[in-house]
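So you can see what is in the structure, the chains are spelled out below.
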Amino acid sequence: MINATQVPYFTLAAYFDTGVFKYVYSMIVMSLYIFIVCVNVLLIVVICMNRSLHEPMYLFLCSLFVNELYGSTGLFPSLLVQILSDIHTVSASFCLLQIYCVHTYGAIEYLNLAIMSYDRYLAICYPLQYNTRMTFNKIATLIAVTWLYPLLACIVIIYLNDHLQLCGNVIKKVYCDSHSVVKLACSDAHVVNIYGLIASFGTIFGALILILYTYLHILKVCFSGSKQTRQKAVSTCTPHLASLLNFSIGASFELLQSRFDMSRVPNMLRIFLSLYWLTCQPLFNPVMYGLKMSKIRALSKSLISNVSY
């Protein structure tokens, strides 16, 4: 039995020999990462530079785009290195850092989507009181909680993982995650398992309750309100619901994979399902909001045209 800090490296066993195709895969991964960085940075700059977008909805979107950059940076550079490498190993310290990035990204994403649903609830159900209810201090507090709670809560997960006694160092995935390390433990892992379940499901169900509560009230207002109210609700809630559904499906795949035996599932499908929530969401959100929201779309086009000239 050895302490996790004494394990020099972990082996990521989900990778397989792709021959010369590894250069094709690496180009695809690099192109995706560059695109994700460019579109998210573009939208962050557009929101920050234009005072007309300094409204609650756009500030929450800015927080969401920053998180897409954070999450994709925690995965893509490592993925690129592993695809090009013949030996798929990572140091123990890097593995713990990636666990921290992946887990905090997921929690921040879901909490951010939850406060965005609360913002839409106030805008649609209480339009006259919206500006008095959604003050700058409240916006700052909501964004701070969205980020600080996961960043602090995940420190405990890293500490517990770091002090596990391990009987192996083979992780059957293409990146590090907490549950994969816990499964290698040969000492009592009840504390880290219980804490992980409380932290994960506490975040999920807390956010889910808020989302369901807000959308039930939005639906109630839509059915009883005017045609204009329904059109406003559809135009502002559609991209949010699409983003929420996309992330929930991807995160559900990952949770099911980490908790149940997936050995009968083909390896390529397992890799795709484990990467979906970390790769598709950073692509999906900026494209969805950039195309759907007219103010962001117009200002983005203006900024690109000014830079090109």
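Because the structure is a prediction, the values reported are computed rather than measured.

Cut-offs and rules
- Residues numbered from 1 in each chain as written.
- Predicted model: local features only at pLDDT ≥ 70, side-chain atom pairs only at ≥ 80, totals over all residues.
- Heavy atoms only, no water.
- Phe/Tyr/Trp six-rings, centres within 6.5 Å; stacked < 30°, edge-to-face > 60°.
- Helix = DSSP H or I, 4+ residues; strand = E, 2+ residues; numbered from the N terminus.
- Buried < 20%, exposed > 50% of the residue type's maximum accessible area, 1.4 Å probe, protein only.
- pLDDT = per-residue confidence, 0-100.
- Contact = heavy atoms within 4.5 Å.
- 1 Å grid on protein atoms, 1.4 Å probe; cavity = no way out; pocket = protein on both sides within 12 Å on 5 of 7 lines; lining within 4 Å.
- Points joined across faces, edges and corners; volume = space filled by probe spheres on them.
- Nonpolar A, V, L, I, M, F, W, Y, C, P; charged D, E, K, R; others polar.
- Pairing = 2+ DSSP bridges.
- Axes fitted to C-alpha atoms, helices over the stretch in contact; angles between N-to-C directions.
- Parallel < 35°, antiparallel > 145°, perpendicular 65-115°, else oblique.
- Left-handed = near helix turned anticlockwise from the far one by under 90°.

Engineer: Please explain the packing of aromatic side chains as it appears in this structure.
Structural biologist: To describe a pair of aromatic rings, one takes the distance between the centres and the angle between the planes. Inspection of the entire model under this criterion finds 13 aromatic pairs. Aromatic pair Tyr33 and Phe76: ring centres 5.7 Å apart, planes at 20°, arrangement stacked. With Tyr33 in helix α1 (residues 21-49) and Phe76 in helix α2 (residues 56-84), this pair connects stretches of sequence that are 43 residues apart. The class for Tyr33 is partly exposed, based on a relative accessible area of 21%. Taken together, a centroid distance of 6.2 Å and an interplanar angle of 35° make the contact between Tyr118 and Tyr121 tilted. Of this pair, Tyr118 and Tyr121 both sit in helix α3 (residues 92-125), separated by three residues, roughly a single helical turn. Just as Tyr118 is buried, Tyr121 falls in that class too.

Engineer: Got a minute to help me understand the confidence of the model for the protein in this structure?
Structural biologist: Predicted coordinates in regions of low pLDDT should not be interpreted in detail. On average, the protein scores 88 in pLDDT, and the residues at 70 or more come to 97%. Note that pLDDT drops below 50 for residues 1-5; the model gives that stretch 16 contacts with residues more than four away or on any other chain.

Engineer: What is the right way to read empty space enclosed by the protein from this model?
Structural biologist: Empty pockets left among the atoms are what a rolling probe the size of a water molecule brings to light. Going through the model one piece at a time under the given rule, you end up with one cavity of 30 Å³ or more. Of the volumes computed, that of the largest cavity is approximately 60 Å³. Lining the largest cavity, in full, are Met57, Met116, Asp119, Arg120, Thr236, His240, Tyr289 and Met293. Those elements that provide at least two residues to the lining of the largest cavity are α3 and α8 (227-259). Residues that form the lining of the largest cavity fall into these classes: four nonpolar, two polar and two charged.

Engineer: Would you mind going over the sheet that holds strand β2 (residues 9-12) with me for this structure?
Structural biologist: The strands making up a sheet associate through backbone hydrogen bonding, with each pair oriented either parallel or antiparallel. The mixed open sheet is built from three strands, whose spatial order is β3-β2-β5. Only two strands of the sheet have a single partner each, and these edge strands are β3 (89-91) and β5 (170-171).

Engineer: Whenever I open this one, the packing of α3 against helix α5 (residues 136-162) confuses me. Can you help?
Structural biologist: A pair of packed helices can be characterised by two numbers: the angle between their axes and the separation between those axes. One way to put it is that α3 packs onto α5 with a least axis distance of 9 Å and a crossing angle of 150°. One finds that α3 runs roughly antiparallel with respect to α5. The interaxial crossing formed by α3 with α5 has right-handed handedness. A breakdown of the residues in the contact of α3 with α5 according to their chemical character gives 17 nonpolar, five polar and two charged.

Engineer: Please clarify how the packing of α2 against α5 should be interpreted in this entry.
Structural biologist: Packing of α2 against α5 leaves a shortest axis separation of 10 Å and a crossing angle of 20°. The angle between the axes of α2 and α5 places the two elements in the roughly parallel class. Where α2 crosses over α5, the two elements pack in a sense that is right-handed. Note on element contacts: α5 touches α2 through Ile139, Leu142, Ile143, Trp147 and Leu151, opposite Pro56, Leu59, Phe60, Ser63, Val66, Asn67 and Tyr70. Looking at the contact of α2 with α5, its residues break down into ten nonpolar, two polar and no charged.

Engineer: Just checking my understanding: could you explain the side chain of Asp177 for this structure?
Structural biologist: Looking at the secondary structure, you find Asp177 in the loop between β5 and α6 (178-182). Excluding anything up to four places from it in sequence, Asp177 contacts Ile99, His103, Glu254 and Ser258.

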